[in-house]
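Spelled out from the first residue to the last, the chains are:
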Amino acid sequence: SPLSPGWLPALQLVRRGSKAVTRHWKAMHFQRQKLMAVTEYLPPRPAVPPSCLPRAEETRQEDDGYARVLRRQVEEAFRENRMIAVCQYNSMPGEDVVMMKHYLRKHNIEVKFFLNEIVRPVLSQSKYKNLLPLFVGRNVLLVSRETKAKEMLRVLKGVPQINLLGACIDDTILSRKGVENFARLPPLEAAQGQTAGALALLPSQTSSLLQRGSVYLTALLDRHIQQLQAAETGSPAEPSPPQTSSE
Amino acid sequence: IPRPFSKSPLCPPGPGGLVVPQAGLKKYPQPPDYSGIVFPEKTKLKFMDKVPSVPKVRREPRRLWDIRGPSREATDFIQGQYGILALGGGYLHWGHFEMIRLTIGRNMDPKTMFAVWRVPAPSKPLTRKSLGHRMGGGKGPIDSYVTAVKCGRLVVEVGGRCEFGEVEPFLTQVAKKLPFPAAAVSREGLEQMRREEEEKRLNNQNPWTFERVVTGNMLGMRRYLSPYDLRLKGRYWGKFFLKHRV
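Residues numbered from 1 in each chain as written. Chains lettered and ligands numbered in written order. Predicted model: local features only at pLDDT ≥ 70, side-chain atom pairs only at ≥ 80, totals over all residues. Heavy atoms only, no water.

Asker: Teacher, can you tell me more about the interface of chain A and chain B here?
Answerer: Where interface size is quoted, it is often the accessible area lost as the parts come together. Each partner contributes to the interface: chain A provides 32 residues, whereas chain B provides 33 residues. By the criterion of area lost to chain B, the three top residues of chain A are Val21, Arg32 and Tyr41 of chain A, representing 24% of everything that side buries. Our count for the contact surface shared by chain A and chain B stands at one salt bridge. Among the ionic pairs, Asp229 of chain B bridges to Arg32 of chain A, the shortest N-O distance being 2.7 Å. Where the side of chain A that touches chain B is concerned, the elements lending two or more residues are α2 (30-38), α3 (65-80) and α5 (116-124) of chain A. Per-element accounting of the side of chain A that touches chain B gives the leading share, five residues, to α2 of chain A. For the side of chain A that touches chain B, a count of residues per class yields 18 nonpolar, six polar and eight charged. (Contact = heavy atoms within 4.5 Å. Buried area = accessible area lost by both parts, 1.4 Å probe. Salt bridge = Lys/Arg side-chain N within 4 Å of Asp/Glu carboxyl O. Helix = DSSP H or I, 4+ residues; strand = E, 2+ residues; numbered from the N terminus. Nonpolar A, V, L, I, M, F, W, Y, C, P; charged D, E, K, R; others polar.)

Below, the structure is given as structure tokens:
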């Protein structure tokens, strides 16, 4: 029977070319290639690229117990000690470090090493915010309960690898020059004595001030008496004895 | 000048992309928890026969559709934590099985790790005509047996008290030698892959997708496409898997 006009000879199409699954990459019909090109994936393009937006703070990792211990130590160091000096620490041979620590320990000054990444958040939330710029790079803290700046500077002068950056003495921030001036100040007892003396100066003058009038009067009368006596030595009779007023 | 090797969580790039690595506090992470892991009786990979115990007499047609399209079996992890995922279709013969078995056996520690096959032993007979003869003379005799692997199927699974970093090198070494593209994956990696695919599918800005065109027969495209493309949706072409397509 003749082939009807609407019948597509499927066998012809199948015989042509290879099977569906081939080892090589089978060439696609052009229409299919066009369809694949049209239906490709288009990624979303936001109006503002994410690299231009501020970076969202990544979720903080859980608080490490060790970090908490170190933070507590830092807080304790700042609370307990009156003098806290921040120094730049360049690498020193081990024995020099030990010697320096020994000399400082004699004056009751402790050498403490803290990591910047722990110290910075602790300081930023306490009242020592202005010390933050000092805690950049390798540094070491010299802490002490007494304020022996002179001895500390003497020791540090002998160690060239440690440079004093700044100090916080009795909640007062001092620069390097400030620490040197502070070291040159007289000791506390002498300063107290001087202040007491200066304050006691005025009251000590009060008694002499009060007596001044009567003392002046006495002096005037004595002088007068002397003058009279001098006049009376010319004449032998003494009419009246000198009158001395009681103080 | 931005330095090339910057790992984000340790030293995130600063303004301008500059990375200044610094030493910080040493973190002591918890060691991994291997409590829920059950070891099989034999930790090493079983030997696979070249020929099944009952060899087939009747020669079978080629049936290449067992390579085509996505896999329906062995797509998820069962016992192990890491495995080799097939990213294309192909046949594995005895040589491949031996290579896998020996490489994994050589690199793993049978006391702390185990490996499990996720593909059956070769059972599909392949015929081959003798060399140098012309076409005709009937179908050739059975030459070898193979296993068909479709895309998305796991070939082997490895598990035990080990991390992905330990296992990945030799799994990738094996994956490169397979006749189809393959990759070493972990459970999380596989989940991540699937999630990304799904995200891509959802946030595709192109309103025209292959699936939509085929199901609606837009512009009469089904004349140039196969009826299998309704199922394969443009992601598969023969035995190949087109990863970049959505």
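Asker: How do you make sense of the packing of aromatic side chains when you look at a structure like this?
Answerer: Within a pair of aromatic rings, the relevant descriptors are the distance that separates the centres and the angle that separates the planes. All told, the structure shown has nine aromatic pairs over all chains when counted by the stated rule. An angle of 70° between the planes, with centres 6.2 Å apart, marks the rings of Tyr66 of chain A and Tyr28 of chain B as edge-to-face. Separated into two different chains, Tyr66 of chain A in helix α3 and Tyr28 of chain B in the segment before β1 (82-86) make up a pair that spans both. Residue class for Tyr66 of chain A comes out partly exposed when judged on its relative accessible area of 40%. On the accessibility criterion, Tyr28 of chain B (53% relative accessible area) is exposed. (Phe/Tyr/Trp six-rings, centres within 6.5 Å; stacked < 30°, edge-to-face > 60°. Buried < 20%, exposed > 50% of the residue type's maximum accessible area, 1.4 Å probe, protein only.)

Asker: Just checking my understanding: could you explain the packing of α3 of chain A against α5 of chain A for this structure?
Answerer: How two helices pack is summed up by the angle between their axes together with the distance between the axes. Residues and elements named next belong to chain A. Across the interface, α3 lies against α5 with an axial gap of 10 Å and an inter-helix angle of 55°. One way to sum up the angle between α3 and α5 is to call them oblique. Relative to α5, α3 is oriented so that their crossing is right-handed. Packed against α3, whose contacting residues are Ala67, Leu70, Arg71, Val74, Glu75 and Phe78, the element α5 presents Ile118, Val119, Val122 and Leu123 at the interface. Across the contact of α3 with α5, the residue classes tally to eight nonpolar, no polar and two charged. (Axes fitted to C-alpha atoms, helices over the stretch in contact; angles between N-to-C directions. Parallel < 35°, antiparallel > 145°, perpendicular 65-115°, else oblique. Left-handed = near helix turned anticlockwise from the far one by under 90°.)

Asker: Is there a simple way to think about unusual backbone geometry in this case?
Answerer: Glycine aside, a negative phi is what most residues show, and trans is what most peptide bonds show. Residues and elements named next belong to chain B. Backbone geometry places Arg63, a non-glycine residue, at a positive phi of 50°. Its place among the elements puts Arg63 in the segment before β1. Backbone geometry at Ala74 places phi at a positive 55°, although glycine is not the residue there. Along the chain, the position of Ala74 falls in the segment before β1.

Asker: Would you explain empty space enclosed by the protein in this entry?
Answerer: Rolling a probe over the atoms, with the probe sized like a water molecule, indicates the empty space that remains. Summed over all chains, the structure comprises one cavity of 30 Å³ or more. Considering only enclosed or pocket space, the largest cavity measures out at about 40 Å³ in volume. As for the largest cavity, its lining consists of Ala20, Thr22, His24, Trp25 and Lys26 of chain A together with Trp237, Gly238, Lys239 and Phe240 of chain B. For the lining of the largest cavity, the per-class residue count stands at four nonpolar, three polar and two charged. (1 Å grid on protein atoms, 1.4 Å probe; cavity = no way out; pocket = protein on both sides within 12 Å on 5 of 7 lines; lining within 4 Å. Points joined across faces, edges and corners; volume = space filled by probe spheres on them.)

Asker: What's the story with the pattern of salt bridges in this structure? I'm lost.
Answerer: Charged atoms that come close allow side chains of opposite charge to pair. Residues and elements named next belong to chain A. Counted according to the given criterion, the structure contains 20 salt bridges over all chains. Among the ionic pairs, Arg145 bridges to Glu80, the shortest N-O distance being 3.4 Å. With Arg145 in the loop between β3 (139-144) and α6 (149-157) and Glu80 in helix α3, this pair connects stretches of sequence that are 65 residues apart. Through salt bridges with shared partners, a single ionic network connects Arg105, Glu110 and Lys112.

Asker: Quick question: what am I supposed to make of the environment of Lys177 of chain B here?
Answerer: Residue and element names in this part refer to chain B. With respect to the secondary-structure elements, Lys177 resides in helix α2 (residues 164-177). Among the residues examined, Lys177 registers a relative accessible area of 48% and is labelled partly exposed. Residues Lys177 and His96, spaced 81 residues apart in sequence, show a C-alpha to C-alpha distance of 8.1 Å. Not counting chain neighbours up to four residues away, the residues in contact with Lys177 comprise His96 and Met99.

Asker: Can you walk me through the sheet that holds strand β5 (residues 142-149) of chain B in this structure?
Answerer: Backbone hydrogen bonds are what pair the strands of a sheet, in a parallel or an antiparallel way. Residues and elements named next belong to chain B. Read from one edge of the open sheet, three strands run β2-β5-β4, paired in antiparallel fashion. At either end of the open sheet lies a strand with only one pairing partner, and these are β2 (90-93) and β4 (124-127). Geometrically, the sheet is characterised by an average inter-axis angle of 50° between neighbouring strands, direction not taken into account. Judged from the four bridges that link them, β2 and β5 form a sheet pairing that is antiparallel. Following the sheet pairing, His93 is matched in β5 by Val146. Sheet strands touched by helix α1 (residues 94-107): β2 and β5. Its angle to β2, the strand with the most contacts, is close to 70°. (Pairing = 2+ DSSP bridges.)

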